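Listed here are the chains, written in short residue letters.
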Amino acid sequence: MINQIRKIKSFVRRPGRLTLGQKMGLTKFWEDHGIDLPKGKINLNTLFVKQQKIVLEVGFGNGDSLLKMAINTPDRNFLGIEVYEAGVGQLINKAHKYQLNNLKIIKEDAVKVLTNHIEDSSFNLFQMFFPDPWHKKRHFKRRLVQTDFLNLLSHKMIKSGKIHIVTDSKHYAIHMMTVLERHPNFKNTQNAPIYSPRPEHQPITKFEQRSHRLGHDVWNLIFTNEK
Ligand SMILES: C[S@@+](CC[C@H](N)C(=O)[O-])C[C@H]1O[C@@H](n2cnc3c(N)ncnc32)[C@H](O)[C@@H]1O
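The text that follows walks through the structure, step by step, so that each part is easy to find. The structure presented is a predicted model; accordingly, all values stated were derived computationally and were not measured.

Calculation criteria
Residues numbered from 1 in each chain as written. Predicted model: local features only at pLDDT ≥ 70, side-chain atom pairs only at ≥ 80, totals over all residues. Heavy atoms only, no water. Near = heavy atom within 4 Å. Polar contact = N/O pair within 3.5 Å; in protein donor to acceptor, adjacent residues only side chain to side chain. Areas by Shrake-Rupley, 256 points an atom, 1.4 Å probe, with all protein chains shown as cover. Helix = DSSP H or I, 4+ residues; strand = E, 2+ residues; numbered from the N terminus. Buried < 20%, exposed > 50% of the residue type's maximum accessible area, 1.4 Å probe, protein only. Pairing = 2+ DSSP bridges. Right-handed = clockwise from strand over helix to strand, strands pointing away. Axes fitted to C-alpha atoms, helices over the stretch in contact; angles between N-to-C directions. Contact = heavy atoms within 4.5 Å. Core = buried A, V, L, I, M, F, W, Y, C linked by side-chain atoms within 4.5 Å.

## Focus: the site of the ligand
Thought 1: Around the ligand, the structure places 16 residues, and the nearest of them are G59, E82, D109, F129 and T205.
Thought 2: Between a nitrogen atom of the ligand and a main-chain N or O atom of G59, the distance comes to 2.8 Å.
Thought 3: Contacts to the ligand include E82, whose side-chain N or O atom sits 2.5 Å from an oxygen atom.
Thought 4: For the ligand, the accessible surface in isolation is 590 Å², of which the surrounding protein chains cover 86%.
Thought 5: Those elements giving two or more residues to the shell around the ligand turn out to be β2 (77-82) and α9 (206-214).

Next up, the structure:
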């Protein structure tokens, strides 16, 4: 009934007020799982039915591993941010199929969202699996994990929250270990500048499958935000 009312409301919106979901042709399930960014900040707790720990994942790709996590861990809320439109569409449809009320999705650049739309101390865990490694030296500055990004994350997540980043690029892994170890707010959960074991129950992502297929090594970095 509530869904029917929402659908009718979405039809009577004037064209100038189309939601992003409508613009993307995702009208059907956008209202249940997609977030239209407001001008100001969002209190993440207001997005979810239950008040529980919030996991933020950036760059979920096709979203299969994020979907599995949301299904397997109903006592956590998940917010995914991705710029890849097809991936966002796939995840919205799957979240609807499984009737998940603990999974919300934003289609936008994560730095923009974190900077302009997320309040400080908003989430408990940040995860990013196989961020684009930008292999060429002249492109290194495009890599997301840099000191400025870590400063931003440190403020936007709660104190003692965790970050979990995975890569199969040795060069990027070493870069991330260096900037994280050097950062005043983050502490390695291994209590030493070493990589973490892969968490046992972590669903495998599409890019992780690809890494295994190609025989690549994979590095997990897990740090706490001590602030
Ligand atoms: C290499 S893919 C990994 C996808 C997935 N995590 C996996 O392991 O299969 C990196 C993803 O990050 C997304 N991405 C890159 N920069 C982003 C940004 N600034 N904000 C949101 N998503 C971003 C890309 O669109 C892409 O889907």
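The structure having been displayed, the exposition proceeds.
## A few points about the pairing of strand β3 (residues 103-107)
Thought 1: A large share of β3 lies buried, amounting to 4 of its 5 residues.
Thought 2: By the bridge criterion, 5 bridges tie β2 to β3 in an arrangement that is parallel. The residue bridging G80 from the neighbouring strand is I105, located in β3.
Thought 3: With helix α5 (residues 85-97) bridging β2 and its parallel neighbour β3, the resulting β-α-β unit is right-handed.

## Quick word on the sheet that holds β2
Thought 1: Spatial ordering of the open sheet is given by β3-β2-β1-β4-β5-β7-β6, a layout of 7 strands whose pairing is mixed. Edge positions in the sheet fall to β3 and β6 (186-188), since each has one partner strand and no second. Within this sheet the neighbouring strands show an average axis-to-axis angle of 20°, counted without direction.
Thought 2: Contacting β2 and β3, α5 crosses the sheet at an angle of about 160° to β3.

## Things to note about the side chain of H117
Thought 1: As for its placement among the helices and strands, H117 is situated in helix α6 (residues 110-117).
Thought 2: Beyond its immediate sequence surroundings of up to four residues, H117 is in contact with L37, P38, K39, G40, K41, I42 and K112.

## What about the nonpolar core?
Thought 1: In terms of nonpolar packing, the biggest core is built from 34 residues, with F123, F126, L153 and I163 touching the most fellow members.
Thought 2: Counting only elements with at least two residues in this core, the list comes to β1 (54-58), β2, α6, β4 (123-129), α7 (147-156), β5 (157-167), α8 (170-182) and β7 (219-225).
Thought 3: The element that contributes the greatest number of residues to this core is α8, accounting for 5 residues.
Thought 4: Excluding residues that lie within four positions of it along the chain, L153 makes contacts with L114, F123, F126, I163 and F186.
Thought 5: Listed in part, the 20 residues of the second largest apolar core include F29, W30, L67 and F130.

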